[in-house]
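Close look at the chain arrangement
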Amino acid sequence: MKALLVLLVAATLAGCASLSQHQCLQGDWYSIGVGAGQLGMPADRLDRHTKACAQYGVTIDRQRYLEGRAEGLSEYCRLDNAFTTGLNGQRYQGVCPPAVDASFEQANAAAFAVATLRQELERIDNQLMTHEDDLLDRSLADDHRRRLRAEIRALDRDRDRLRADLSAAQRHLDRLMDEARSLP
């Protein structure tokens, strides 16, 4: 039951800027902190919660929130999570303890680069499909058809460059993941 509550709080924190009136009045600051920590939210999130809850006349228990956030961060700051969050397109926000901060940031950045390149490649592939479909229209004027072909050639070059970049980024990420697996 507690795990479900933490997941619900985490989902809510991810989807909005702060807390609802119900969450403020309920005041489970420890669980709200755990959820924020599990998502790698920066400490300034508490300031937004404080302002939001002040509108309802509710004072946040900062100590309980920070204790919960610390617990959540202990889960978030695992090196394997750096890869997972980066591949999900989430950038690291510098919230982990100094002992793991640099390695977490490096792993997240490498994974984020792969995710970004994949997204860009998908965008170009979609543009190519659209342009190629447009070329099938027999009523296209010749000058429009020439422009589409030129755009397709440019997109093909961009796609080739992105594929090479993605391959290099993926190799780098694979090396980092192998290194992380070999750690005790």
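About the cut-offs
Residues numbered from 1 in each chain as written. Predicted model: local features only at pLDDT ≥ 70, side-chain atom pairs only at ≥ 80, totals over all residues. Heavy atoms only, no water. Helix = DSSP H or I, 4+ residues; strand = E, 2+ residues; numbered from the N terminus. Rg over C-alpha atoms; globule rule 2.2 N^0.38 Å. Buried < 20%, exposed > 50% of the residue type's maximum accessible area, 1.4 Å probe, protein only. Contact = heavy atoms within 4.5 Å. Areas by Shrake-Rupley, 256 points an atom, 1.4 Å probe, with all protein chains shown as cover. Disulfide = S-S within 2.5 Å. Patch = residues over 30% accessible without salt bridge, like charges linked within 9 Å, V, L, I, M, F, W, Y side chains within 5 Å. Salt bridge = Lys/Arg side-chain N within 4 Å of Asp/Glu carboxyl O. Lys, Arg positive; Asp, Glu negative; His and termini not counted. Charge placed at Lys NZ, Arg CZ, Asp CG, Glu CD. pLDDT = per-residue confidence, 0-100. Core = buried A, V, L, I, M, F, W, Y, C linked by side-chain atoms within 4.5 Å.

Some words on the overall build of the protein chain
Secondary structure summary: the protein chain contains eight helices and zero strands in total. Written out in order from the N terminus, the α and β elements of the protein chain read α-α-α-α-α-α-α-α. The C-alpha radius of gyration computed for the protein chain amounts to 23 Å, which surpasses the reference 16 Å derived for 184 residues by more than 25%, pointing to a less compact arrangement than a globule. Structurally, the protein chain occupies a C-alpha span of about 70 × 45 × 30 Å along its principal axes. The buried share of the protein chain, reckoned over its 184 residues, is 36%. Across the protein chain, contacts joining residues at least 24 apart in sequence account for 68% of those joining residues at least 6 apart. For the protein chain, the exposed area adds up to about 11100 Å²; of that, 53% sits on carbon and sulfur atoms.

Points about the state of the cysteines
As used here, a disulfide is simply a covalent bond connecting the sulfur atoms of two cysteines. Counted according to the given criterion, the structure contains two disulfides. In this model Cys24 forms its disulfide with Cys53; the gap between the sulfur atoms is 2.0 Å. Between Cys24 and Cys53 the sulfur-sulfur dihedral comes to about -80°; the bridge is accordingly left-handed. One end of the pair, Cys24, is in helix 2 (residues 21-26); the other, Cys53, is in helix 4 (residues 45-54), with 29 residues separating them in the sequence. Residue Cys24 is classed as buried on the basis of its relative accessible area of 1%. Covalent S-S linkage joins Cys77 and Cys96, the inter-sulfur distance amounting to 2.2 Å.

Topic: a negative patch on the surface
A cluster of acidic side chains, namely Glu132, Asp133, Asp134 and Asp137, defines a negative patch on the protein surface. With respect to the helices, strands and loops of the structure, Glu132 is situated in helix 7 (residues 98-135). Overall, Glu132 belongs to the partly exposed group, its relative accessible area being 40%.

Topic: the confidence of the model for the protein chain
Atom-level detail of predicted coordinates should not be read off regions where pLDDT is low. Taken as a whole, the protein chain shows an average pLDDT of 90; of its residues, 91% reach a score of 70 or greater. For the protein chain, per-element mean pLDDT is lowest for helix 1 (residues 2-15), which scores 42, and highest for helix 7, which scores 97. Overall, residues 1-17 carries pLDDT values under 50, and its contacts beyond four positions in sequence, including any with other chains, amount to 24 contacts.

Side note on the pattern of salt bridges
Counting across every chain of the model gives nine salt bridges. Two residues, Asp125 and Arg159, come together in a salt bridge whose shortest N-O distance is 3.4 Å. One end of the pair, Asp125, is in helix 7; the other, Arg159, is in helix 8 (residues 142-182), with 34 residues separating them in the sequence. Since its relative accessible area comes to 27%, Asp125 is described here as partly exposed. Its salt-bridge partner being Arg147, residue Asp143 comes within 3.6 Å of it at the nearest N-O pair. Of the two residues, Asp143 and Arg147 are both situated in helix 8; the distance of four residues between them amounts to about one turn of the helix. Each of the salt bridges in this network shares a partner with another, and the network as a whole consists of Asp125, Asp156 and Arg159.

Describing the nonpolar core
Among the nonpolar cores identified, the biggest contains 27 residues, and Tyr76, Tyr92, Val95, Cys96, Phe104 and Leu173 are the most heavily contacted of them. Looking at this core, the elements that each hand over two or more residues are helix 5 (62-76), helix 6 (79-87), helix 7 and helix 8. With 10 residues, the single largest contributor to this core is helix 7. Ignoring anything within four residues of it in the chain, the contact list for Leu173 reads Phe83, Leu87, Ala107, Ala110, Ala111 and Val114.

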